[in-house]
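Reading the structure
Below, each chain spelled out in residue letters.
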Amino acid sequence: TQLLEQSPQFLSIQEGENLTVYCNSSSVFSSLQWYRQEPGEGPVLLVTVVTGGEVKKLKRLTFQFGDARKDSSLHITAAQPGDTGLYLCAGVEDTGGFKTIFGAGTRLFVKA
Amino acid sequence: EAQVTQNPRYLITVTGKKLTVTCSQNMNHEYMSWYRQDPGLGLRQIYYSMNVEVTDKGDVPEGYKVSRKEKRNFPLILESPSPNQTSLYFCASGRQVNTEAFFGQGTRLTVV
């Protein structure tokens, strides 16, 4: 089973600051997804990246898939209190099966 | 409205009493999956299904069964629940495995 290490686990920042969350693995994924989860609810998909080196932007959020498809990052510019939540990365194995592996998550708190 | 519906939302049961958690999606998605979410362990995939009559094990399939007799439904069966299966369960669906996008609201199961 592939592992997906997500860092940092916790992040508390002031409104207006920038931040980056990382997901790393020693194995290759066929695709990687980023989700955001609110307490008591299911994760909500933010983006899917499938091509090595791919960069996607969603307003103030920038997602990047590593060239070798082993890692990904989520960068938030000028964080706002509304960005507070649990951010999860998930990779689909590229080993013949289609298992999905989740990172442990990054809990972000943005202070006003 | 596009949605993934899980039932029940909350369930307290006793050890050994068979139970089924239902999952239904109205988006004609081919891919469906079950996860459990536990503190400190994140989301772990139990089983997934690429299409009708096609199911495969995720990372933690022990103690669970699934079936996919029709495209819209993907029930999770616990033949003999044990306390270590106490968890928050999520069902998810997507057009394809790399486009997994929709999660249900979750089922909080307690086995005593």
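An account of the accompanying structure is given in this report. (Residues numbered from 1 in each chain as written. Chains lettered and ligands numbered in written order. Predicted model: local features only at pLDDT ≥ 70, side-chain atom pairs only at ≥ 80, totals over all residues. Heavy atoms only, no water.)

Quick notes on the overall build of chain A
Under the convention used in this document: Runs of H or I in DSSP of at least four residues are treated as helices and runs of E of at least two as strands, each being numbered from the N terminus. A radius of gyration in this sense is built from C-alpha atoms; the matching globule rule multiplies 2.2 Å by the number of residues raised to 0.38. Only protein chains enter the accessibility calculation, which uses a 1.4 Å probe. A residue is then buried if its area is under 20% of the maximum for its type, exposed if over 50%, and partly exposed in between. Contact between two residues is taken to exist if any of their heavy atoms lie within 4.5 Å; hydrogens are not considered.
A count of helices and strands for chain A gives zero helices and 11 strands. When the helices and strands of chain A are placed in sequence order, the string is β-β-β-β-β-β-β-β-β-β-β. For chain A, the C-alpha radius of gyration of 14 Å lies close to 13 Å, the compact-globule estimate for 112 residues. By its C-alpha atoms, chain A is 45 × 30 × 20 Å across when sized along the principal axes. Here chain A, with 112 residues, has 46% of them falling under the buried criterion. Within chain A, contacts between residues at least 6 apart in sequence are counted, and of these 55% link residues at least 24 apart.

Re the environment of Thr95(A)
Residues and elements named next belong to chain A. Looking at where Thr95 falls in the secondary structure, it is placed in the loop between β9 (85-93) and β10 (100-102). For Thr95, a relative accessible area of 55% puts it in the exposed group. Sequence separation between Thr95 and Ser30 is 65 residues, and the spatial gap between their C-alpha atoms is 8.7 Å.

Quick notes on the layout of surface pockets
This is how it is decided: The definitions used throughout rest on a 1 Å grid laid over the protein atoms alone, on which a cavity is an enclosed set of points accommodating a 1.4 Å probe that cannot get out and a pocket is an open set flanked by protein within 12 Å on both sides along at least five of seven lines; lining residues are those having an atom within 4 Å of a point. Grid points are joined across faces, edges and corners, and a volume is the space filled by probe spheres set on the points. Under the scheme applied here, ten amino acids are nonpolar (Ala, Val, Leu, Ile, Met, Phe, Trp, Tyr, Cys and Pro), four are charged (Asp, Glu, Lys and Arg), and all others, including Gly, are polar.
Approximately 480 Å³ is the volume found for the largest pocket. Taken together, 21 residues form the lining of the largest pocket, with Leu86(A), Arg107(A), Gln37(B), Asp38(B) and Pro39(B) sitting closest to its centre. Taken together, the elements giving at least two residues each to the lining of the largest pocket come down to β4 (31-38) and β9 (87-94) of chain B. A breakdown of the residues in the lining of the largest pocket according to their chemical character gives seven nonpolar, nine polar and five charged.

Things to note about the pattern of salt bridges
Residues and elements named next belong to chain B. This is how it is decided: Salt bridge, as used here: a side-chain nitrogen of Lys or Arg that lies within 4 Å of a carboxyl oxygen of Asp or Glu.
If you walk through the whole model with that rule in mind, you get eight salt bridges over all chains. With a closest N to O distance of 4.0 Å, Glu79 and Lys18 form a salt bridge. Of the two residues, Glu79 sits in the loop between β8 (76-78) and β9 while Lys18 sits in the loop between β2 (10-13) and β3 (19-25), which places them 61 residues apart along the sequence. Judged by its relative accessible area of 35%, Glu79 is partly exposed. A salt bridge links Asp38 to Arg44; the shortest N-O distance between them is 2.9 Å. Each of Lys18, Lys65 and Glu79 takes part in salt bridges that share partners, so that together they form one network.

Some remarks on the pairing of strand β5 (residues 44-49) of chain A
Residue and element names in this part refer to chain A. Inclusion rule: A pair of strands is labelled paired if DSSP reports no fewer than 2 bridges between them.
Alignment of strand β4 (residues 29-37) against β5, held across five bridges, turns out to be antiparallel. Looking at the pairing, Arg36 lines up with Val44 of β5. Between β4 and β5, which pair antiparallel and follow one another directly, the connecting turn spans six residues, one of which, Gly40, has a positive phi of 80 degrees.

Points about the packing of aromatic side chains
All names here are of chain A. Just so we agree on the cut-off: For Phe, Tyr and Trp, rings pair up if their centres lie within 6.5 Å, where Trp contributes its six-membered ring, and each pair is then called stacked (planes under 30 degrees apart), edge-to-face (over 60) or tilted (otherwise).
This structure, assessed with the given rule, holds nine aromatic pairs over all chains. On the numbers, 5.6 Å between centres and 35 degrees between planes, the contact of Tyr35 with Phe102 is tilted. Note that Tyr35 is positioned in strand β4 and Phe102 in strand β10, a separation of 67 residues in sequence. The class of Tyr35 is buried, set by a relative accessible area of 0%.

Some thoughts on the sheet that holds strand β1 (residues 4-7) of chain B
Residues and elements named next belong to chain B. Spatial strand order, β1-β3-β8-β7: four strands in an open sheet with antiparallel pairing. Taken across any chain shown, the strands that pair with only one partner, and hence form the sheet edges, are β1 and β7 (65-66). Where β7 and β8 come together, two bridges link them in antiparallel fashion. When the bridges of β8 are listed, Val66 appears paired with Leu76.

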